[in-house]
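The primary structure of each chain is shown beneath.
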Amino acid sequence: MIVGKPIPFEARTKLHVPLFSAIVQAGFPSPADDHMEKSLDLNEHLVRNPAATFFVRVRGDSMRDAGILSGDILVVDRSLTPADKQIVVAMLDGDFTVKRLCRKGSLVFLKAENDSFPPIEVSENQDLVIWGVVTFIIHQAR
Amino acid sequence: MKIALVDCNNFYASCERVFNPKLIGCPVVVLSNNDGCVIARSEEAKALGIRMGTPAFENEDTFRRNGVAVLSSNYALYGDMSSRVMSVLRQMVPGMEVYSIDEAFLSLDGGQGESFARELRATVRRWTGIPVSVGIANTKVLAKLANRIAKKTPELNGVFHLTSSGNPDEALARVNCADIWGIGRRLAERLASGGIRTARDLKHADMPWVRRTLGVVGERIARELNGIPCLTLEEVAPPKKGIASARSFGRPVELLPELEEALATYTARAGEKLRAGNLLAANIHVFVETNPFKPEQAQYSAGAQITLPRPSNFTPELISAALSLLRKIFRPGYRYKKTGVFMTGLVSGRNVQLSLFDKPQGENDARRALAEAVDRINRQLGTNAVRYGAMGTRQRWAMRQERKSRGFTTRWTDLPVARA
């Protein structure tokens, strides 16, 4: 599966989802006032390291069984060290691709998660750079 | 005290490469606004002899023969990548001064030396994809110089610690005066008349002579070469004195209505900048000019300014003031190359004196709400999604940016399409 060029992302906008809302009745203080907590910020949950986090759009379904579908947006953290069995965005011979990174001894494979796509064994003379580690998958439900 | 100067290598070209791996290893140049001149080059492009600041058309042959990737400047991308690099650096050192879009001075702790600089460099590279060079020394001028040496000497792998690498004079002897930060070609000529040609010469020159020849600023530079800090780290950016928005046209413009559209567009942009900084402008300056590089054409340039009845950042007010100035200075029969607007007399939006002619409070609130709504929509949907009527819709005068990479950083609607 080939993914699109990464989309840099900055956790600058904040999405505020109120923890609870109380209807204020005129003349009476809200009984919830003393219990207000700060709103939830989705960026806080999805983006651990804003300077190193980028968004990447997926096209193709070779990662279907890992829950990554065409059109999804990947949250990619470049500051994480890629480990075996992690889903990564990699640059292979000048193209961006998302795959599961697998190491067997000295061999490196980029594994698809879909039976119709065979694993790619990365040969010595191929140009492979792990671009970043996928931390979240954003999938639109409708 | 130790200071590091971190400089991104071929910054614009490097930004493009992070998102387009096909550009890696091939010569890349980035062109100025209007695709006019070369303003950034990858190492491969430098090796082809493509010079900084030369017009694109002069290089067309070289571009074609060598498969050079030629890109329009994508400032939205470079700005975003710059703030990422700066944010990584800020997390790693006690203090810093952002000196330009791709350079920062850092103050280092006592223990932070060359191995720290290597860690810094590797971290910026891994997190953002941008390669940087680091120069370390006791003063800003020396740190700049060390950085230059780090860049020009591949064996150093991007890091040079001036004061820990033997006698600094050896390094200083390799740097011409014109290449010292703050000296430049003109002052270097004056120094050369006194036999001072390299940084080492200037370091050991007679200080009273240096002061007589270059003034106090020059003397400070010479003292910094001796390792005596005279320039401090400016950690807080000075407040803005003026806001400008001006651009050259994609083609010559002769008609007033087209100039008006362009100026209204720039003024709207300046209004956005004012509101983003919570500022109001007291004065508006407008200018027009023809193309001085076409001496065979009739030349004209003019400017005018007005002080507003009270400081404002309300775009319709700014546009109507700017357009009235433009109509005053416009002369028919010229081929205009550029127009623009400056706002000066900036004051904080919080403490404005109300004038006698002020609108009632309710009306002010409504105007502010309108301007904020427009800014919000434009931030979400892209620049000028909502425009004021005076800005026009066709904008045939607009900048040429035929080879710009996508707005990877700034727009959901601009998401790159990928293959399956």
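In this text, all values refer to a predicted model and were calculated from it rather than measured experimentally. Each chain has its residues counted from 1, running along the sequence as written. The order in which chains are written sets their letters, starting at A; the order in which ligands are written sets their numbers, starting at 1. With the structure being a predicted model, the display of local features is reserved for residues of pLDDT at least 70 and the display and counting of side-chain atom pairs for 80 or more, all residues being used for whole-chain, interface and lining totals.

Considerations on the overall build of chain A
For chain A, the count of helices and strands is one helix and ten strands. Secondary structure elements are taken from DSSP: a helix is a run of H or I of four residues or more, a strand is a run of E of two residues or more, and numbering for both begins at the N terminus. Starting at the N terminus, the α and β elements of chain A follow one another as β-β-β-α-β-β-β-β-β-β-β. With C-beta atoms placed from the backbone, a contact is any residue pair whose C-beta atoms sit within 7 Å. Sequence separation of at least 24 residues holds for 63% of the intrachain contacts in chain A that already meet a minimum separation of 6.

Overview of the domain arrangement of chain B
Residues and elements named next belong to chain B. All the domain ranges listed were derived from an automatic or database domain assignment. With domains assigned, chain B is organised as domain 1 (1-139), domain 2 (166-238) and domain 3 (242-391). A C-alpha centroid distance of 26 Å is found between domain 1 and domain 2. Taken residue by residue, the interface counts eight residues in domain 1 and eight residues in domain 2. At the level of secondary structure, the elements contributing two or more residues to the side of domain 1 that touches domain 2 comprise β5 (95-100) and β6 (103-108). Three residue categories are used. Nonpolar comprises Ala, Val, Leu, Ile, Met, Phe, Trp, Tyr, Cys and Pro, charged comprises Asp, Glu, Lys and Arg, and polar comprises the others, including Gly. Looking at the side of domain 1 that touches domain 2 residue by residue, the class counts come to three nonpolar, four polar and one charged.

So, the sheet that holds β6 of chain B
Residues and elements named next belong to chain B. Should DSSP find at least two bridges between two strands, the strands are taken to pair. Pairing is mixed in the open sheet, where five strands are placed in the order β5-β6-β1-β7-β8. Each of the sheet's edge strands pairs with one partner strand only, and the pair in question is β5 and β8 (159-161). Averaged over all pairs of adjacent strands, the angle between strand axes in this sheet comes to 15 degrees, irrespective of strand direction. In this analysis, axes come from line fits to C-alpha atoms, helices being fitted only over the stretch in contact, and the angle between any two N-to-C directions falls in the range 0 to 180 degrees. Strand contacts of helix α6 (residues 140-152): β1 (2-8), β6, β7 (132-137) and β8, with the helix running at about 135 degrees to β7, the strand carrying the most contacts.

Notes on the packing of α6 of chain B against helix α10 (residues 207-225) of chain B
Residues and elements named next belong to chain B. Contact geometry for α6 and α10: axes closest at 7 Å, N-to-C directions at 65 degrees. Accordingly, the angle class assigned to the pair α6 and α10 is roughly perpendicular. Relative to α10, the crossing made by α6 is right-handed. Contacts between α6 and α10 involve Lys140, Val141 and Leu142 on the former and, on the latter, Ile221, Glu224 and Leu225. By residue class, the composition of the contact of α6 with α10 is four nonpolar, no polar and two charged. We call two directions roughly parallel when the angle between them is under 35 degrees, roughly antiparallel when it is over 145, roughly perpendicular when it lies between 65 and 115, and oblique otherwise. Left-handed describes a crossing in which the near helix is turned anticlockwise from the far one by less than a right angle; the clockwise case is right-handed.

Here we look at the confidence of the model for chain B
Residue and element names in this part refer to chain B. Across chain B, pLDDT averages 85, with 88% of residues at or above 70. The predictor's confidence in any single residue is recorded as pLDDT, a number from 0 to 100. In this model, residues 353-357 is a region of pLDDT below 50 whose contacts with residues beyond four sequence positions or in other chains number three contacts. Ignoring residues within four places in sequence, the model shows residues 416-420, a span with pLDDT below 50, making 20 contacts including any to other chains. ipTM for the predicted complex: 0.79, alongside a pTM of 0.73.

Overview of the nonpolar core
Residue and element names in this part refer to chain B. Ala4, Val29, Leu89, Leu106, Val134, Ala143 and Ala146 are the most contacted members of the largest nonpolar core, which totals 73 residues. Per-domain counts for this core show at least three residues from each of domain 1 (1-139) and domain 2 (166-238). Counting residues in each nonpolar core, the second largest holds 28 residues, with Ile243, Ala270, Leu274 and Ala321 among its members. The term nonpolar core means buried Ala, Val, Leu, Ile, Met, Phe, Trp, Tyr and Cys residues held together as one set by C-beta atoms within 7 Å. Buried means a residue has 20 or more other C-beta atoms within 10 Å of its own C-beta, exposed means 12 or fewer, and partly exposed covers the counts in between; C-beta atoms are placed from the backbone.

With respect to the sheet that holds strand β3 (residues 38-41) of chain B
Sheet strands pair by backbone hydrogen bonding; their relative direction is either parallel or antiparallel. Residue and element names in this part refer to chain B. Read from one edge to the other, the open sheet built from three strands follows the order β3-β2-β4, with strand pairing classed as mixed. Both edges of this open sheet fall to β3 and β4 (69-72), since each of them pairs with a single strand only. The sheet shows a mean angle of 25 degrees between the axes of neighbouring strands, direction not considered. With three bridges connecting them, strand β2 (residues 28-31) and β3 associate as antiparallel partners. Residue pairing across strands places valine 29 opposite arginine 41, the latter belonging to β3.

Quick look at the packing of helix α1 (residues 11-19) of chain B against helix α4 (residues 75-92) of chain B
When two helices pack together, their arrangement is given by the angle between the helix axes and by the axis-to-axis distance. Residue and element names in this part refer to chain B. Running from N to C, α1 and α4 point in directions that differ by 90 degrees, and their axes come no closer than 10 Å. What the angle tells us is that α1 and α4 run roughly perpendicular. On α4, the residues that touch Phe11, Tyr12 and Cys15 of α1 are Leu77, Tyr78 and Met81. Of the residues in the contact of α1 with α4, the class split is six nonpolar, no polar and no charged.

Some thoughts on α10 of chain B
All names here are of chain B. Expected helix span is computed as 1.5 Å times (number of residues minus one). Its 19 residues give α10 an end-to-end C-alpha distance of only 12 Å, which falls more than 12% under 27 Å, the value for a rise of 1.5 Å per residue. A residue's bend is given by the angle between axes fitted to the 7 residues ending at it and the 7 residues starting at it. Of all the bends in α10, the greatest, near 130 degrees, is centred on leucine 214. Contact partners of the buried residues in α10: α6, α7 (168-172), α8 (184-193) and α9 (199-203).

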